Amino acid sequence: MNKNDIIELNITSLTSDGDGVGRAGETVFFVPNTAVGDTALVRVLKVKKNIAYGRVESIVTPSSDRIEPDCPVSLSCGGCVYRHISYEAELGAKRQKVIDAVTRIGKLDGSLVRDIVPSPRADGYRNKAMIPVGLNRAGEAVMGFYARHSHNIMPCIDCRLSPDIFNRITADFYGFIKERPGLIYTPAYRRGIRHLYLRYAESTGDVMVCVVAGAKRFEGDTELFDSLTEKYSAIKSIAVNINPDDTNVILGKKTYTVYGDDHITDTLCGLSFDISPQSFYQVNRAQAERLYSIAADYADLSGSETLLDLYCGTGTIGLSMADKCRALIGVEIIPEAIDNARRNAAQNGIANARFICADATAAADRLRAEGIRPDVVVVDPPRKGLTPELIDTIAGMNPDRVVYVSCDPATLARDLAIFTDKDYTLKEITPADMFPRTSHVENVALITRKLTSH
Ligand code: SAH
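The shown structure was predicted, so the numbers you read here are calculated from the model rather than taken from an experiment.

1. Digging into the pairing of strand β7 (residues 128-135)
No. 1: Looking at chain direction, β7 and strand β10 (residues 193-201) are connected through five bridges and run antiparallel. Across the sheet, residue Pro-132 finds its bridge partner in β10, namely His-195.
No. 2: Bridge count for β7 against strand β8 (residues 141-146) is three bridges, and the pairing is antiparallel. Along β8, the bridge assignment pairs Val-133 with Met-143.
No. 3: Between β7 and β8, which follow one another and run antiparallel, lie five residues, and Gly-139 among them has a positive phi close to 80 degrees.

See below:
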């Protein structure tokens, strides 16, 4: 088999990234934008021993999962990988991804994986968008999304995952920048505009517009902001974030509010949370409420417990349960997030919470040494999961229940296996689809202590 050969392939499964998998003799093929049950003509792009990568040339027999993608850039954009299959098929693929991780990596019982909780909406669910602004080869302004595995901007100002108001504001912003390509950031013009960053508080309808640029002012800024606020009464805050550095990190350190408040306010689980450009906030609000309610069911608090919320961000999970426990301790490494968490507790009248700004492993170790014995521990780490030392410390604190919220099934499965090697049992895992159409899937796992007495 050689590069550029065309072969016929049956797609029999999907990888955890959503690529189709098929076999040709001894070779396993990975082909994006295919569905289980497809027979496709595939162009060979790369062969490495028994593994090959291919691109669909045409579909011979379509899978019954297939639907017509309703976005013109979905096949090349790096965002959606499941826009060509039905939402039911996507949910099935995501649940299977979790079962595969639990059984193959964790060597645990796959039947503990419950049904996946569908997102209330599969489109328009994102309350945050960061839309890169750049120049194409012809020197014209482009706005859109990074193509898969690259930093080339795919022109697209009408994303299906964004609420309508984001697309309308983006279209107006694009109209402005199209006339002024000289204002766009390049390595030679570091004062230029780099991203349009939008956030939306669904409960109030309030919108924040943040322009990421190399400098605070750009030509025509006042007229642009005036016209936006005149047209959209929902815009309650406009900010400019300064990032002149040659880096992949989108936001710089300094943000100036140029119109309205420095934040917008949303409600989540009945509590109000301030959202500023730098603060973390769940992107799919309606589904975050479902996720937190599963976590609350698993935490099963009666009012007398000490609850430890590790990797707490702005405190949302712990604060949503604070009225059901005696004391809440939150731990988070980012100082701004801890400031937000403290302010969020105060403005919701929550007095039984304290927040520690530290690495979770170090903080848990210290709390254990101080004799703190939480009854329930919630963890919500980034993709890399927990450290073995932290799992050791948590187990050593003897909580009755550990609620593990995870955005990566592979590291979740790895960590669950470590818990089950100690005095803990995996009770169940509920996958929740926080990011429809993308390959990501969120999970909540309940881990309980084997012995009932301390
Ligand atoms: N539970 C929150 C945030 C989860 S995101 C929510 O639902 O909104 C994961 C959080 O872990 C981020 O806020 C990140 O800043 C924090 N984090 C990353 N590494 C950490 C570490 N070593 N110790 C403590 N917190 C960490």
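2. Examining the side chain of Arg-449
No. 1: Tracing the sequence through the fold places Arg-449 in strand β22 (residues 442-449).
No. 2: Arg-449 sits in the buried class, given a relative accessible area of 9%.
No. 3: Among the polar contacts made by the side chain of Arg-449, one reaches the main-chain carbonyl oxygen of Pro-399 at a distance of 3.2 Å.

3. Observations regarding the sheet that holds strand β11 (residues 206-213)
No. 1: Within the open sheet, the seven strands sit side by side as β9-β8-β7-β10-β11-β12-β13. Their pairing is mixed. The sheet is open, and its two edges are formed by β9 (153-155) and β13 (254-260), each paired on a single side. Adjacent strand axes in the sheet meet at a mean angle of 30 degrees when their direction is disregarded.
No. 2: Running over the sheet, helix α2 (residues 164-178) touches β7, β8, β10, β11 and β12 (235-242) and is turned about 160 degrees from β10.
No. 3: Running over the sheet, helix α3 (residues 221-231) touches β11, β12 and β13 and is turned about 155 degrees from β12.

Scoring rules and cut-offs
- Residues numbered from 1 in each chain as written.
- Predicted model: local features only at pLDDT ≥ 70, side-chain atom pairs only at ≥ 80, totals over all residues.
- Heavy atoms only, no water.
- Pairing = 2+ DSSP bridges.
- Helix = DSSP H or I, 4+ residues; strand = E, 2+ residues; numbered from the N terminus.
- Buried < 20%, exposed > 50% of the residue type's maximum accessible area, 1.4 Å probe, protein only.
- Polar contact = N/O pair within 3.5 Å; in protein donor to acceptor, adjacent residues only side chain to side chain.
- Axes fitted to C-alpha atoms, helices over the stretch in contact; angles between N-to-C directions.
- Contact = heavy atoms within 4.5 Å.

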